[in-house]
Amino acid sequence: MLSAVLRKSIDHEKTWIALSVHPHWSTEWNDEVDLQLRSHIINNHCEFNSKIVAIGEVGLDFSKNNRVRHREIQRNAFRKQIQIALDYQLPLILHIREAEEEGLAILSECNVPAHYKIHRHCFTGSVEQARHWMELYPESVLGLTGLVTMRGARGDQARELARAIPMHRLVLETDSPHHQPPGSMGKCTRPTNVLAVAEQVSWIKSSPIALVLRVNLDNVDRIYNIYKTPI
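Residues numbered from 1 in each chain as written. Predicted model: local features only at pLDDT ≥ 70, side-chain atom pairs only at ≥ 80, totals over all residues. Heavy atoms only, no water.

## Re the pairing of strand S2 (residues 52-61)
- With nine of 10 residues buried, S2 lies mostly within the body of the structure.
- Pairing geometry for strand S1 (residues 17-19) and S2, over three bridges, is parallel. When the bridges of S2 are listed, Leu-19 appears paired with Ile-55.
- Here six bridges tie S2 to strand S3 (residues 92-97), and the two strands are oriented parallel to one another. Residue pairing for S3: Leu-60 is matched across the bridge by Ile-96. (Buried < 20%, exposed > 50% of the residue type's maximum accessible area, 1.4 Å probe, protein only. Helix = DSSP H or I, 4+ residues; strand = E, 2+ residues; numbered from the N terminus. Pairing = 2+ DSSP bridges.)

See below:
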């Protein structure tokens, strides 16, 4: 049975679906969930099936923010969902926090090809980690969020990443409800806040914002195979 959120996504022209069990809920992973995910992907309702464009967010989160402390539970859910992505040739959206080396080890263990379509969601690692990742997975993209608009150490690090990562390897994100740009309204990041991220990238890379948005759409389409609306 489809949830109300999934049913609404089907009907919205510019909404697509990524399905998974996030590492923060990896204790919920079991064989029944595995079968349910696979069933959704191969669902006979072609309209729904065509909306599923990725498996994610999946990965490892060893930070203090994750209530799932048993790391083997996280590893198991990660491995199983990588296999689903590989079985159906769906891109992976990765959530990896304070687990860079182990995340890479599991991707290698699961034989994820170097040229697989991968989106490193909300990347907050170092420039060195970003470069290493891009070498290992040359067809992947790294997500940059509203952190790039903020003051302080985390904002400085995000801007350093924006300088170092080539534009054709970046995707612009909001990571709602987190990382609200300064001056944004409400308590939750909105899709339109991605324009604030684009403005910062435009300034950092001395490129017109229209070009930043165009390249972003190209990158999104390359990973997810989603139709692009011309700017």
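## Quick word on the pairing of S3
- With six of six residues buried, S3 lies mostly within the body of the structure.
- Every second residue of S3 is oriented toward a common face, with Leu-92, Leu-94 and Ile-96 on one face and Ile-93, His-95 and Arg-97 on the other, all of them buried.
- Chirality of the crossover, the property in question, places the unit of S2, helix H4 (residues 71-88) and S3 among those that are right-handed.
- In terms of strand pairing, S3 meets strand S4 (residues 118-120) through three bridges, oriented parallel. Following the sheet pairing, Ile-93 is matched in S4 by His-119. (Right-handed = clockwise from strand over helix to strand, strands pointing away.)

## Notes on the packing of aromatic side chains
- One pass over the structure, following the stated rule, counts one aromatic pair.
- On the basis of an interplanar angle of 35° and a centroid distance of 4.7 Å, the ring pair of Trp-133 and Tyr-137 is categorised as tilted. Residues Trp-133 and Tyr-137 agree in their burial class; the two are buried.
- Above the face of the Trp-16 ring, Lys-51 is positioned so that its terminal group lies 5.5 Å from the ring centre. (Phe/Tyr/Trp six-rings, centres within 6.5 Å; stacked < 30°, edge-to-face > 60°. Lys NZ or Arg CZ within 6 Å of the ring centre and 35° of its normal.)

## Topic: the environment of Asn-193
- Structurally, Asn-193 is set in the loop between strand S6 (170-172) and helix H8 (194-205).
- You can call Asn-193 buried: its relative accessible area is 14%.
- Sequence separation between Asn-193 and Gly-146 is 47 residues, and the spatial gap between their C-alpha atoms is 7.7 Å.

## As for H4
- A rise of 1.5 Å per residue sets the reference length of H4, with its 18 residues, at 26 Å; its end C-alpha atoms lie 26 Å apart and thus fit the reference within 8%.
- Inspection of H4 places Gln-74, Arg-75, Ala-77, Phe-78, Gln-81, Ile-82, Ile-84, Ala-85 and Leu-86 among the buried residues, and these make up the whole buried set.
- Against helix H2 (31-41), S2, S3 and helix H5 (100-109) lie the buried residues of H4.
- Looking one or two residues beyond H4, the residue adopting positive phi is Gln-89, at roughly 50°. (Expected span 1.5 Å × (residues − 1). Contact = heavy atoms within 4.5 Å.)

## Thoughts on empty space enclosed by the protein
- Using the criterion set out here, one finds one cavity of 30 Å³ or more in the structure.
- The volume enclosed by the largest cavity comes to roughly 30 Å³.
- Taken together, the elements giving at least two residues each to the lining of the largest cavity come down to S6 and helix H9 (209-224).
- Per-element accounting of the lining of the largest cavity gives the leading share, three residues, to H9.
- Class assignment of the residues belonging to the lining of the largest cavity gives a composition of five nonpolar, two polar and no charged. (1 Å grid on protein atoms, 1.4 Å probe; cavity = no way out; pocket = protein on both sides within 12 Å on 5 of 7 lines; lining within 4 Å. Points joined across faces, edges and corners; volume = space filled by probe spheres on them. Nonpolar A, V, L, I, M, F, W, Y, C, P; charged D, E, K, R; others polar.)

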